[in-house]
Amino acid sequence: MSAVMMLPLTACGNADDGAGGTFYAAINANPQNLDPQMSSDSNSLSVIGNVFDGLVRIDENGAVQCAAAENYSVSSDGLTYTFQLRKGMKWSSANGFSADVTADDFVYSFRRIFDPDMLSPYTDMFACLKNSDKVYKGTMSVADLGVKAQDEYTVVFTLEYPVSNFIYLLASPAAVPCNEEFFLAANGRYGLAAEYCAGNGAFTLTEWNYDPYWNENFLSLKRNSANSSEEYRTYPSYVNYIITSDTAEYEKSSGNTFDCAVYSPEELPKLRGKNSYEYQCAAVGLTFSKTNSMFLNNNIRYALCAASDVSAYSGKTSEGITPARGIFPHSVSAAGKSLREAVSENSKPVYSEADAITAWQRGVAETNADLNEPVSIIVSEDFADASEIYRTTNQWNDVLGFSCGIEILSDSDYSDRIESGDYDIAIAEVKSSRNNAADFLRCFEDYIYDTEINRQLEICIEDAERSTSAAEIVASYDKAENLVISCGYFIPMFYESRFLVTPSDTEGIVYDPFAETLYFKNAKKFN
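Thresholds applied
Residues numbered from 1 in each chain as written. Predicted model: local features only at pLDDT ≥ 70, side-chain atom pairs only at ≥ 80, totals over all residues. Heavy atoms only, no water. Buried < 20%, exposed > 50% of the residue type's maximum accessible area, 1.4 Å probe, protein only. Helix = DSSP H or I, 4+ residues; strand = E, 2+ residues; numbered from the N terminus. Contact = heavy atoms within 4.5 Å. Polar contact = N/O pair within 3.5 Å; in protein donor to acceptor, adjacent residues only side chain to side chain. Patch = residues over 30% accessible without salt bridge, like charges linked within 9 Å, V, L, I, M, F, W, Y side chains within 5 Å. Areas by Shrake-Rupley, 256 points an atom, 1.4 Å probe, with all protein chains shown as cover. Salt bridge = Lys/Arg side-chain N within 4 Å of Asp/Glu carboxyl O. Lys, Arg positive; Asp, Glu negative; His and termini not counted. Charge placed at Lys NZ, Arg CZ, Asp CG, Glu CD. Pairing = 2+ DSSP bridges. Axes fitted to C-alpha atoms, helices over the stretch in contact; angles between N-to-C directions. Core = buried A, V, L, I, M, F, W, Y, C linked by side-chain atoms within 4.5 Å.

(A) How the structure looks around helix 7 (residues 298-306). Buried within helix 7 are the following residues: Ile 300, Arg 301, Ala 303, Leu 304, Cys 305 and Ala 306. Buried residues along helix 7 sit in contact with strand 15 (275-288), helix 9 (353-367), helix 10 (387-400), helix 14 (470-487) and strand 22 (490-502). For helix 7, the N-terminal capping position is held by Asn 297, with its side-chain oxygen 2.9 Å away from the main-chain nitrogen of Asn 299.

(B) Structural detail: a negative patch on the surface. Together, Glu 266, Glu 381, Asp 382, Asp 411, Asp 413, Asp 416 and Glu 419 make up a region of like negative charge exposed at the surface. Note that Glu 381 resides in the loop between strand 19 (376-380) and helix 10.

(C) Spatial organisation of the sheet that holds strand 5 (residues 80-85). Read across the open sheet, the four strands follow the order 4-5-9-8; overall the sheet is antiparallel. Every other strand in the sheet has two partners, leaving strand 4 (69-74) and strand 8 (147-151) as the edge strands with one partner each. The average undirected angle you get between the axes of adjacent strands in this sheet is 20 degrees. For strand 8 and strand 9 (residues 154-158), the ladder comprises four bridges, and the chain directions are antiparallel. By the bridge assignment for strand 9, Ala 149 is matched with Val 155.

(D) Broad picture of the nonpolar core. By size, the foremost hydrophobic cluster in this structure holds 79 residues, and its most contacted members are Phe 126, Phe 157, Phe 166 and Phe 520. It is helix 2 (residues 103-113) that provides the largest number of residues to this core, a total of six residues. Apart from the residues lying within four places of it in its own chain, the contact partners of Phe 126 are Phe 110, Ile 113, Phe 114, Ser 132, Phe 166, Leu 169, Leu 170, Ser 172, Ala 174 and Ala 175.

(E) Inspection of the sheet that holds strand 7 (residues 98-100) at higher detail. Strand order in the open sheet formed by three strands is 7-6-10, and the pairing between neighbours is antiparallel. Every other strand in the sheet has two partners, leaving strand 7 and strand 10 (198-199) as the edge strands with one partner each. The pairing of strand 6 (residues 90-93) with strand 10 spans two bridges and is classified as antiparallel. Note on strand 10: the bridge partner recorded for Ser 92 is Gly 199.

(F) Geometry of helix 6 (residues 247-254). Two or three places before Ala 248, at the start of helix 6, stands the capping residue Asp 246, its side-chain oxygen 3.3 Å from that residue's backbone nitrogen. Positioned one or two residues after helix 6, Gly 255 has a phi angle of 75 degrees, which is positive.

(G) Spatial organisation of the environment of Asp 77. Within the secondary structure, Asp 77 sits in the loop between strand 4 and strand 5. With a relative accessible area of 42%, Asp 77 lands in the partly exposed category. Distance in space between the C-alpha atoms of Asp 77 and Val 350 is 40 Å, their sequence separation being 273 residues. Of note is the side chain of Asp 77, whose polar atom sits 2.5 Å from the side chain of Ser 75. A polar contact is formed between the side chain of Asp 77 and the backbone nitrogen of Leu 79, at a distance of 3.0 Å.

Listed below in structure tokens is the structure:
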């Protein structure tokens, strides 16, 4: 454990423009690996996002902004993306390594992704790159991969087929550069300690202290001044991540508070008097076990869906819980805009008592279901308010005469029951790890036991991803949403939000509710 003088949590920014501050945030576990082409856990990605810069970045409004790239262009056929890098950007590390950031660094990172010995989790994400499959299988050289350095500061990507969200894929942590010289010198330890992590982003990782038997575990980041300019400014001087699984206990024992925190709806009462920013990013609904034959019947599932009147919840749900008739929450994007805003929920199936009764009678006859057999919904105790589930079971009883109990379980027991399939119906939260409509939609395939429906969903996704028309993209996802709802394997009930909370004197922290990461380059403190 190295001796480090941690700056006080009360450090302030410049009174004029909020620059020069020190920010403290919590991560709940030690980052697994700060190698961007290999890491996938949220704690690693949160640090990576501040230490590295990709060609582009997604801002707080979900729009694409240039980062390491100064500008870019896309060919008319959507197959070629050309990026001009900012000149003067530098690599930096705790061991003093420094070098210019060049196009070769981006080429090398993508060659690492498609190196079969790497086993990178990101090969599927960038499978659209020209020759990627053949390079990965070893039938073509890495030099043939569709990522080239046209000159020292120009990177060119060539695709096998148009992908409408390719520019958003380049904003992912996996698409940041890697300096080959530094990587090889790390000799297999790249990204495993501060001295083996060289970044090209807003901050340099200067300290990484972790001992599972010690209570002062943290990572310290210092502004990389070489990468902060008038037109691309980094405001904070320092960012410190405290590694703790219990933020409340840490604040109580240390007497200090964090500069930002993320909360789910059930934690909201403690937020009064602070700035909070809402991100509606998850869908909550009812799913069915494939071990109960009753719920494999299409009419039974449709009847339960048609008998669920979510409009009855209006004004009665907890804050951060919004009644849903669709599956895409407000924050999920397609074609650069909120998919929920583009597709009105008014077009989705609605409550119908008559249809529910008719389908129920058919389903009971088809399955010879024993309605006296006990059936229950399992709910994690982490869910904000179980009373919202009771409203649904009461509707089923009133409309269909179907009695269903509710089991509230600990989070671990709930997970065990889901994994084993030991349940009839479950409340499930669906949230993808990236803000991408295709990724979000694929999460529902885990709950759909009909291979034909999943095949149709993949066709919708492919149609959307290969279209260059915003209207066609939205139409494809609208069709897919209707498929998920109509099959009844997932009955939408609510959208659930996450809340970023900061002190009243703080602004500019960007939160990604899907990757669950925080970005501090534009963070400011005013006093």
